[in-house]
Protein chains: 2
Amino acid sequence: MIQRTSVAFGAVLLLAAALAVAAETAPSVRDGVRSYRQAHEREILAELTGLLALPNVATRVADVERNADHLTRMLERRGFQVRRLSAGEGTPPSLYGELTVPGAKRTLMFYAHYDGQPVDQKGWLSDPFKPVLRTGPLGAPGKGNDPKDVDLTSVTGPLDPEWRIYARSASDDKSPIVAILTALDALKAGGRKPSVNVKLFLEGEEEQGSAHLPEILRRNAPLLAADAWLLCDGPVQPTRKMQVFFGARGVAGLELTTYGPLRPLHSGHYGNWAPNPAVALAHLIASLRDEEGHILIPGFYDDVRPLTAAEKSAVAAMPAVEAKLEDDLALGRTEGNGARLEDRLMDPALNIRGLRAAEVGEGAANAIPTEAQVSIDFRLVPDQTPQKVKEKVEAFLRAKGWTLVAEAPDRETLRAHPKVARLAWSLDYAASRTDMSLPVSRAVVAAVERATGEPAVQVPMLGGSVPMALFTDRLKAPMIGVPMVNHDNNQHGINENLRLQNLWDGIEIYAELMADLGSLLEK
Amino acid sequence: MIQRTSVAFGAVLLLAAALAVAAETAPSVRDGVRSYRQAHEREILAELTGLLALPNVATRVADVERNADHLTRMLERRGFQVRRLSAGEGTPPSLYGELTVPGAKRTLMFYAHYDGQPVDQKGWLSDPFKPVLRTGPLGAPGKGNDPKDVDLTSVTGPLDPEWRIYARSASDDKSPIVAILTALDALKAGGRKPSVNVKLFLEGEEEQGSAHLPEILRRNAPLLAADAWLLCDGPVQPTRKMQVFFGARGVAGLELTTYGPLRPLHSGHYGNWAPNPAVALAHLIASLRDEEGHILIPGFYDDVRPLTAAEKSAVAAMPAVEAKLEDDLALGRTEGNGARLEDRLMDPALNIRGLRAAEVGEGAANAIPTEAQVSIDFRLVPDQTPQKVKEKVEAFLRAKGWTLVAEAPDRETLRAHPKVARLAWSLDYAASRTDMSLPVSRAVVAAVERATGEPAVQVPMLGGSVPMALFTDRLKAPMIGVPMVNHDNNQHGINENLRLQNLWDGIEIYAELMADLGSLLEK
């Protein structure tokens, strides 16, 4: 299959060279790709919804395998040579795809992931794995102004680019995969060929902390060689401007449980004497960070690598998004004493994902709960590591009088220690920042700007965590993020969605990168 | 029915007088009642389990009505004249029962409630409304040493008094009703009659804060006249000693919700900037009370009426239960810097019943939750009132920068205020303490001591809340608590249960009170 495609591309080689010379007058890559997309919107959407219909929570390996099978067929249809990369039986596989372009001297690797966040939260408008096209973004809660379902069979003409696909992974991170493949389709249909060899790495357990990724990379390092890795994950700017990012924060997860009496106790007969684990948890949380986001653990910021002057300038040049976001999200305040969002994302952070103790509201009983739990995610920056963060948190809690255990404590442990907390860590990965001034860094920015026709927002480090450090530390290749999905996509939450215009934009950007990067690097 | 019963009691009047004279040699009330119980254990248990099988969460009025119908039949079988007391259509009814004793000059009112706490918590060993007899108390979690089910059809001889009935309201508060009625059965079978007119008041929404009780009392004050009210609710001492209590703490409930962004936000892309409502809630809770139980709201303790010297002595004389409790409950510490449990229960308290924000554990997403909720119960002492507590809490939170709302806030409200909290109060009732030195107070203690053959523990005020203030403030009658159920009954929690020996003890105590109180007060 890859042979035949290469031949097809070979046939247009001379034409492509001619076009490059006549770049001022010939149709641009962007125009060609756009025409193709406009003629094929429904097919592109059908391919995406077919992929979204496959449940992909990575704790269910069989589901992930079904996604991998489906993706393999999608890649092979485009002439990719596909391999399934595994860290061992019963682990979620990653997919590797390779499309060699005759004459190309450079190799570009596209990274995306096809697994998704859990879907246990209440409030989905529809089944997370039955994609639904709707007329716009979510309405305000309780206002009855939620978007309407679109029935494509009763629609004629082009699709409204403000419509959105609602499904788990619509934005995070299946749509970039469809955009990359459609970009290839569009180049081919327009008689162009990529200026680089194209490789794909599609990860299968990113949302579970990429536990097996290091082993997969270790086993396949030569196969995965590339001049640069493009990371196709995360959202564009809240202003809807495209952005290029050169790093991402790291992440470490913590489930922390405090303990009260062995049995629920009547709060009237025992309250004020038997210790309340929810009160203890509240004080513990308040001791970890303040209401402005500052982490109160001594030495927590010691390993933070300062931004370079170039990075500081890039952050300062990023567009102001705060006013619109505050309005969209109905925020009456922000954390950080009014600091800019982009500045805040260059710092480490401690977020509470969830709290749980007994019941609230109608189901609440007048009782002292037996335990209370908080779910925390730490966001890390260079040169913090998950292991060092763990050590600092634990030393801090021990100094505060907590006895720390890794498993649910038995009666004897609880009896013997005044304050027992169970800590279950997921030490996911460190942060990464690629040098913004490398030639490949500049070339990627130039290609993106050619696709969009305007300056790209350049972000030294993304707030969200993607396992860039696992790649850059191991493969020693630069890694640069080129995201495409809308910022207001509810990724990780309920009613995750993708705005169609972002899918259309992604196709054009990825096409331009494939078409241009080789020649840009040879200049 | 009540006529015939009165005649029957009349017939034994002279005999009873003779017995009183020959008290030293005749069988005691206790011995007679015990013999009756020993001969009728299975029937008594069958009557209790029949009552427990009726769901009784007071938010479902139809369920409460079915309980009232069933109880009416139980009372009428004993010759009571029964009336259903309501505060209006669609409200849970209370039941009033009256049994006039010829010649009795005093009237004793027994209070109990037949509604129960919600049963939404996970972890019940069996359906809360399918009573199960088991061989003992609950085992330790995960130890596999839970008690075994008892099949009464394969048991011969007397029942093991350590066996327990597991069901919602087994202890709180249906078993006292069965004990009172069985006490009457036992007296009658032994040819004795009560020395007092017996009245029953069985409330139908105590666990929902007795919202309609004031109106029921207002409408029926003359009917409810009595020399004393006996409150048959709450547990005996953790040492298993019987106790008499002269008051109870009041209670006010609070559901408090804090707000983050309007939609769940990716914690990597927006965390550290968009405010986290769970962090805000933790700081709010930590500002309300410390880890020792001390409430940090200025002026919160201003209205606390000090204990009298007699009350202080009574508290000091209460048996030490702490060591055993700490061991039973696997406590590594207690709140109050090591103060005694009984001392702690004389103070007001703030208990957290539950916490909730998004999800924890496997279901947790890397997102900033949209809201966080805490469920709180305040325990009040004389002369605090729920209204004054509400005012103090709200003034404190406002001073801390919170904008308080009573309903879920709209987008505009959230946008306009830095910190918005929704407060939903249930201003239940105040505390009450009856004078321990009244003649009727002394007589109740004497009767209980006669039934048990040992000194009764005298408690100035119970830690748990029962609506004593609603009665004492309105009816101006002394109210004294005479509880019977085991302390380790898990009331309000999962797997609520009643130890059989406590039911047997309750029957003897209530019988002695009926048999003796009239004559004790005439001495």
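Cut-offs used in this document
Residues numbered from 1 in each chain as written. Chains lettered and ligands numbered in written order. Predicted model: local features only at pLDDT ≥ 70, side-chain atom pairs only at ≥ 80, totals over all residues. Heavy atoms only, no water. Contact = heavy atoms within 4.5 Å. Buried area = accessible area lost by both parts, 1.4 Å probe. Salt bridge = Lys/Arg side-chain N within 4 Å of Asp/Glu carboxyl O. Polar contact = N/O pair within 3.5 Å; in protein donor to acceptor, adjacent residues only side chain to side chain. Helix = DSSP H or I, 4+ residues; strand = E, 2+ residues; numbered from the N terminus. Buried < 20%, exposed > 50% of the residue type's maximum accessible area, 1.4 Å probe, protein only. Pairing = 2+ DSSP bridges. Axes fitted to C-alpha atoms, helices over the stretch in contact; angles between N-to-C directions. pLDDT = per-residue confidence, 0-100. Parallel < 35°, antiparallel > 145°, perpendicular 65-115°, else oblique. Left-handed = near helix turned anticlockwise from the far one by under 90°. Least-squares fit on C-alpha atoms with pLDDT ≥ 70 in both. Nonpolar A, V, L, I, M, F, W, Y, C, P; charged D, E, K, R; others polar.

**Describing the interface of chain A and chain B**
- The partner chain B presents 103 residues to the 104 residues of chain A that form the contact.
- On the chain A side of the contact with chain B, H269, N272 and W273 of chain A bury the most area, a combined 10% of that side's loss.
- Between chain A and chain B we count four salt bridges in total.
- The salt bridge involving R415 of chain A is made with D327 of chain B; its shortest N-O contact spans 3.0 Å.
- Put simply, chain A and chain B have 55 residue pairs in polar contact (both at pLDDT 80 or more) between them.
- Top element by residues in the side of chain A that touches chain B is strand β11 (residues 349-358) of chain A. It accounts for nine residues.

**Quick notes on the environment of L397 of chain A**
Residue and element names in this part refer to chain A.
- Along the chain, L397 turns up in helix α13 (residues 386-399).
- Judged by its relative accessible area of 0%, L397 is buried.
- Taking the C-alpha atoms as reference points, L397 and L288, separated by 109 residues in sequence, lie 8.9 Å from one another.

**What about the sheet that holds strand β5 (residues 164-166) of chain B?**
Residues and elements named next belong to chain B.
- Taking strand neighbours across the sheet as the criterion, the three strands line up as β4-β5-β20 in an open arrangement whose pairing is antiparallel. Where the open sheet ends on each side, the last strands, each with one partner, are β4 (132-134) and β20 (497-499). The sheet shows a mean angle of 25° between the axes of neighbouring strands, taken without regard to direction.
- Strand direction decides the pairing type here: β5 and β20, joined by three bridges, are antiparallel. Its bridge partner lying in β20, I165 is registered against L498.
- Here helix α17 (residues 500-522) sits on the sheet and contacts β4, β5 and β20; the angle it forms with β20, its principal contact strand, is near 65°.

**Here we look at the confidence of the model for chain A**
Residues and elements named next belong to chain A.
- Here chain A averages 92 in pLDDT, while 95% of its residues score no lower than 70.
- Low pLDDT (under 50) marks residues 1-24, which in the prediction has 25 contacts with non-local residues, meaning those over four places away or in another chain.
- The complex prediction reports pTM at 0.74, with the ipTM value standing at 0.74.

**A short note on the packing of helix α15 (residues 439-452) of chain B against α17 of chain B**
All names here are of chain B.
- Taken N-terminus to C-terminus, the directions of α15 and α17 make an angle of 135°; their axes are 8 Å apart at the nearest point. Judged by the angle between their axes, α15 and α17 are oblique. Where α15 crosses over α17, the handedness of that crossing is right-handed. For the pair α15 and α17, contact is made by P439, V440, A443, V444, A446, A447, V448, R450, A451 and T452 and by E508, I509, E512, L513, D516, L517, L520 and L521, respectively.

**Here we look at the relation of the copies chain A and chain B**
- Here chain A sits on chain B after a turn of 180° about the axis and a move of 0.0 Å along it, with an RMSD of 0.0 Å. One copy is carried onto the other by what is essentially a two-fold rotation axis.

**Some details on the sheet that holds strand β4 (residues 132-134) of chain A**
Residue and element names in this part refer to chain A.
- Spatially, β4-β5-β20 is the arrangement adopted by the three strands of the open sheet, whose pairing is antiparallel. At either end of the open sheet lies a strand with only one pairing partner, and these are β4 and β20 (497-499). Neighbour-to-neighbour, the strand axes of this sheet turn through a mean angle of 25°, independent of strand direction.
- In the packing of helix α17 (residues 500-522) onto the sheet, contacts are made with β4, β5 (164-166) and β20, and the angle to β20 comes to roughly 65°.

**Considerations on the packing of helix α5 (residues 61-77) of chain A against helix α6 (residues 174-189) of chain A**
Residues and elements named next belong to chain A.
- Across the interface, α5 lies against α6 with an axial gap of 11 Å and an inter-helix angle of 15°. Of the possible angle classes, the one that applies to α5 and α6 is roughly parallel. Both α5 and α6 take part in a crossing whose hand is right-handed. Packed against α5, whose contacting residues are N67, L71, M74 and L75, the element α6 presents K174, I177, V178 and L181 at the interface.
- When the residues that make up the contact of α5 with α6 are grouped by side-chain class, the tally is six nonpolar, one polar and one charged.

**Side note on the environment of P275 of chain B**
- Residue placement: P275 of chain B occurs in the loop between α8 (267-270) and α9 (277-288).
- Accessibility expressed as a relative area gives 9% for P275 of chain B, which makes it buried.
- Each C-alpha atom, one on P275 of chain B and one on T370 of chain B, is 9.4 Å from the other, the two residues being 95 residues apart in sequence.
- When sequence neighbours within four positions are dropped, the list of residues in contact with P275 of chain B reads L331, R333, T334 and E335 of chain A together with G260, P261 and I368 of chain B.

**Looking at the pattern of salt bridges**
All names here are of chain A.
- The full count for this structure, using the stated rule, is 64 salt bridges over all chains.
- Put simply, R240 and D488 hold a salt bridge, and the shortest N to O gap is 3.6 Å. Taken together, the positions of R240 in the loop between β7 (228-231) and β8 (243-245) and D488 in the loop between β19 (479-481) and β20 put the pair 248 residues apart, joining distant regions of the chain.
- With relative accessibility at 12%, the residue D488 sits in the buried group.
- Between E311 and R433 there is a salt bridge, with the nearest N and O atoms lying 3.2 Å from each other. With E311 in helix α10 (residues 309-317) and R433 in strand β16 (residues 432-433), this pair connects stretches of sequence that are 122 residues apart. Each member of the pair, E311 as well as R433, carries the same accessibility label: buried.
- Taken together, the shared-partner salt bridges connect E47, R77, R78 and D185 into one network.

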